[in-house]
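Here's the letter readout for the chains.
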Amino acid sequence: HALVAEAIRAAEARTDGEISAVIAPESDSYADVTLHWALLLALLPLAWFATFPTMLRWVMTLIEPWAAEPSLRLMVTYLLVKTAGAFIIGWLIFRIPRVKLALTPHVTKVRRVRRRAIMIFQVGTERRTATRTGVLVYLSLAERRAEIVADQSIQSKIGGEEWGEAMVALLDGVRAGRPGEGIAAAVAKIGDVLAGHFPHTGTDPNELPDRLIQL
């Protein structure tokens, strides 16, 4: 926290831009991913017995060996129990954080990290500065993804590609197990970009907190 706060203060001393940094454990609960995989697992018993119907009859003879022909009620009840059991087991397994994230498609994680970053930016950074020069650095630890979101005045002058070095520095720190250093390095790079387009004039007040916000 101290490292990032010092990096923000040093960067803002060179620019009229305002930088805020937010770190989150994850960007979404991905409950729908857990549900989708659990439902898929629940359908497997039905698919299996539909493909091999003789297996169902064999199981029924084990359950009801005295019956000449298994009853329809027994077969439906058995399939229902197997389906419900598979769903519950799948739901319990797939909600384990590592399993859940491993099964979440990459594009889904990218989209939801971006959506969360924009939401946080809209709440805490956008239009919070008189000159519309706020920049958010957002890091989501579980997905190991980051986003840089800029206010209107900055977007009109700076293209997204100019944040490339900042993003690389941030993710390098995360991969090395030092997210704090990564965020601080990214803030310094963002300060370099902002200083070139919005140099410090001494007339713009400090309107955003110079600290790392941990959700």
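Let us look at the structure shown here. (Residues numbered from 1 in each chain as written. Predicted model: local features only at pLDDT ≥ 70, side-chain atom pairs only at ≥ 80, totals over all residues. Heavy atoms only, no water.)

**Some points on the sheet that holds strand β2 (residues 134-140)**
Turning to step 1, where the next piece is worked out: Reading across from one edge, β3-β2-β1-β4 is the order of the 4 strands in this open sheet, with mixed pairing throughout. The open sheet has two edge strands with one neighbour each: β3 (145-150) and β4 (212-214). Neighbouring strand axes in the sheet, compared pairwise and without regard to direction, differ in orientation by 20° on average.
Turning to step 2, where the next piece is worked out: When β2 meets β3, the two strands line up antiparallel, connected through 6 bridges. Bridge pairing in β3 links Ser 140 to Arg 145.
Turning to step 3, where the next piece is worked out: Along the sheet, helix α1 (residues 2-12) makes contact with β1 (18-24) and β4, crossing β1 at roughly 160°.
Turning to step 4, where the next piece is worked out: Against the sheet, helix α6 (residues 106-124) makes contact with β1, β2 and β3, and its axis sits at roughly 40° relative to β3, the strand it touches most. (Pairing = 2+ DSSP bridges. Helix = DSSP H or I, 4+ residues; strand = E, 2+ residues; numbered from the N terminus. Axes fitted to C-alpha atoms, helices over the stretch in contact; angles between N-to-C directions. Contact = heavy atoms within 4.5 Å.)

**Quick word on the pattern of salt bridges**
Turning to step 1, where the next piece is worked out: Under the criterion given, the structure shown has 9 salt bridges.
Turning to step 2, where the next piece is worked out: One salt bridge in this structure joins Asp 28 and Arg 112, with 3.2 Å as the shortest N-O distance. You can see Asp 28 sitting in the loop between β1 and α2 (31-51) and its partner Arg 112 sitting in helix α6, a full 84 residues away along the chain. For the pair Asp 28 and Arg 112, one class covers both residues: buried.
Turning to step 3, where the next piece is worked out: As a salt-bridge pair, Asp 32 and Arg 112 come within 2.7 Å of each other at their nearest N and O atoms. Placement of the pair is Asp 32 in helix α2 and Arg 112 in helix α6, with a sequence separation of 80 residues.
Turning to step 4, where the next piece is worked out: One connected set of salt bridges, linked through shared partners, spans Asp 28, Asp 32, Arg 112 and Arg 115. (Salt bridge = Lys/Arg side-chain N within 4 Å of Asp/Glu carboxyl O. Buried < 20%, exposed > 50% of the residue type's maximum accessible area, 1.4 Å probe, protein only.)

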